[in-house]
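# Close look at the chain arrangement
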Amino acid sequence: MCPKDINNQRLILEAAEAEFLDKGYEKARTTQIAKRAGVNHAMLHYYFQSKEKLFNVIFENKAKMMHEILLFHLGEDMPFLDKIKTHIEQHFDFVAANEKIPGFIISETLHNPKLRELFVGSMTGRAREVFSSLKKEIDKEASKGNIRRVDPYDLVMSIVSLNCFCFLNYRFLPDVLGVDKKMVLEERKKINVEIILNWLRI
């Protein structure tokens with residue numbers, strides 16, 4: 001493939017990502033994607049054949065990123081609660097850098113059973129590995145009396161829910177309340193850390 005083709009495909013994918021994340025599959029238009037990319041409509045279809053095929057490329061890419069949002073390994077060599085604190089902060093920052101992805105994945109899988117099956121199926125194996133590893137760490141720390149014994153699923157979902165909801169909700173707050181989004185989110189990150197750590201502490 002020549003450099004011009006590679007560049008055209010890159011421009012189309014970048015434009016498609018912006019269009020699909022802003023509007024979702026149903027409301028996105030290939031004519032608008034072509035316009036955003038600075039190419040003609042025929043060229044878009046030459047490279048990707050259809051709106052559905054183009055969407056699938058974007059969805060699969062964002063689904064992999066959503067896996068990173070939902071699942072994690074605590075590999076750091078530090079005390080357990082410090083590892084949890086570090087992960088919550090890193091996870092929060094990752095969501096902040098990709099804040100449209102949770103809403104996009106939730107919306108598209110909610111209305112499309114095939115996408116939901118694809119998304120869930122692609123992460124099942126890793127999810128089992130993550131929860132098994134996390135359970136061992138929790139059991140070890142709980143046996144030492146360092147933390148309360150909690151279900152690893154509850155821990156992961158609590159972190160994900162607290163962090164992701166901020167970006168589903170705070171997208172509108174700066175306009176509604178006239179607050180500084182960056183300042184509010186930094187404070188929210190600290191609060192989320194304290195909520196989880198206070199829950200884990202005995």
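The structure under discussion appears in the preceding block.
Presented here is an overview of the structure given in this document.

Reading guide: rules and limits
- Residues numbered from 1 in each chain as written.
- Predicted model: local features only at pLDDT ≥ 70, side-chain atom pairs only at ≥ 80, totals over all residues.
- Heavy atoms only, no water.
- Helix = DSSP H or I, 4+ residues; strand = E, 2+ residues; numbered from the N terminus.
- Buried < 20%, exposed > 50% of the residue type's maximum accessible area, 1.4 Å probe, protein only.
- Contact = heavy atoms within 4.5 Å.
- Areas by Shrake-Rupley, 256 points an atom, 1.4 Å probe, with all protein chains shown as cover.
- Lys, Arg positive; Asp, Glu negative; His and termini not counted.
- Charge placed at Lys NZ, Arg CZ, Asp CG, Glu CD.
- Expected span 1.5 Å × (residues − 1).
- Arc of directions from axis to C-beta.
- Core = buried A, V, L, I, M, F, W, Y, C linked by side-chain atoms within 4.5 Å.
- Axes fitted to C-alpha atoms, helices over the stretch in contact; angles between N-to-C directions.
- Parallel < 35°, antiparallel > 145°, perpendicular 65-115°, else oblique.
- Patch = residues over 30% accessible without salt bridge, like charges linked within 9 Å, V, L, I, M, F, W, Y side chains within 5 Å.
- Salt bridge = Lys/Arg side-chain N within 4 Å of Asp/Glu carboxyl O.
- Polar contact = N/O pair within 3.5 Å; in protein donor to acceptor, adjacent residues only side chain to side chain.
- Phe/Tyr/Trp six-rings, centres within 6.5 Å; stacked < 30°, edge-to-face > 60°.
- Lys NZ or Arg CZ within 6 Å of the ring centre and 35° of its normal.
- Disulfide = S-S within 2.5 Å.

## Let's talk about the overall build of the protein chain
Across its full length, the protein chain holds 10 helices and 0 strands. The C-alpha extent of the protein chain, read off along each of the three principal axes, is 65 × 45 × 35 Å. Relative to its 202 residues, the protein chain shows a buried fraction of 40%. Considering only residue pairs separated by 6 or more positions, the protein chain has 68% of its internal contacts joining residues 24 or more positions apart. For the protein chain, the computed accessible surface area is about 11600 Å², with 55% contributed by carbon and sulfur atoms. Put simply, the protein chain has 31 plus and 28 minus side-chain charges, and the middle of one group is 3 Å from the middle of the other.

## Quick look at helix 10 (residues 181-200)
The terminal C-alpha atoms of helix 10 lie 29 Å apart, and with 20 residues this matches the ideal 28 Å at 1.5 Å per residue to within 8%. When helix 10 is considered as a whole, its buried residues turn out to be Leu185, Arg188, Lys189, Asn192, Val193, Ile196, Leu197 and Leu200. Viewed end-on, helix 10 has its buried residues packed into an arc of 160°, placing them on one side of the element. Set apart from the buried face of helix 10 by more than 90 degrees, the exposed residues are Met183 and Lys190.

## What to know about the nonpolar core
Judged by nonpolar contacts, the single largest core of 54 residues is most densely connected at Ile12, Phe20, Ile84 and Leu155. No other element matches the 9 residues that helix 7 (residues 113-143) contributes to this core. Setting aside its immediate chain neighbours within four residues, isoleucine 12 contacts Ile33, Ala37, Val39, Met43, Leu44, Tyr47, Phe48 and Leu54.

## Remarks on the packing of helix 6 (residues 101-111) against helix 7
At a closest axis distance of 5 Å, the pairing of helix 6 and helix 7 adopts a crossing angle of 125°. As far as their axial angle goes, helix 7 and helix 6 are oblique. Taken together, the residues of helix 7 that come into contact with helix 6 (itself represented by Ile105, Glu108, Thr109, Leu110 and His111) are Pro113, Leu115, Arg116 and Phe119.

## Some details on a nonpolar patch on the surface
A contiguous nonpolar patch, built from Ile106, Phe165 and Leu168 and spanning about 290 Å² of accessible area, is present on the exposed surface. Summarising the element assignment, leucine 168 is placed in helix 8 (residues 152-169).

## Topic: the side chain of lysine 189
For lysine 189, the location among the structural elements is in helix 10. Residue classification places lysine 189 among the buried residues on the basis of a relative accessible area of 11%. In this structure the side chain of lysine 189 is engaged in a polar contact, spanning 2.8 Å, whose partner is the side chain of aspartate 93.

## With respect to the packing of aromatic side chains
Scanning the entire structure with this criterion turns up 8 aromatic pairs. A ring pair is formed by tyrosine 46 and tyrosine 47, whose centres lie 5.1 Å apart and whose planes are at 70°; its orientation type is edge-to-face. Taken together, the ring pairs in this structure connect Phe20, Tyr25, Phe55, Phe59 and Phe104 into an aromatic cluster. It is lysine 51 that lies over the ring of tyrosine 25; its NZ or CZ is 4.5 Å from the centre.

## Considering the pattern of salt bridges
Across all of its chains, the model carries 13 salt bridges by this definition. The salt bridge involving lysine 135 is made with aspartate 139; its shortest N-O contact spans 2.8 Å. Of this pair, lysine 135 and aspartate 139 both sit in helix 7, 4 residues apart, which is roughly one turn of the helix. Connected through salt bridges with shared partners, the residues Glu19, Asp22, Lys23, Arg36 and Lys100 form a single ionic network.

## Some remarks on the state of the cysteines
Here the structure, examined in full by the defined rule, presents 0 disulfides. Cysteine 164 forms no disulfide, and the closest cysteine sulfur to it belongs to cysteine 166, at a distance of 8.7 Å. With a relative accessible area of 8%, cysteine 164 lands in the buried category. Judged by relative accessible area, cysteine 166 falls into the buried class, the value being 4%.

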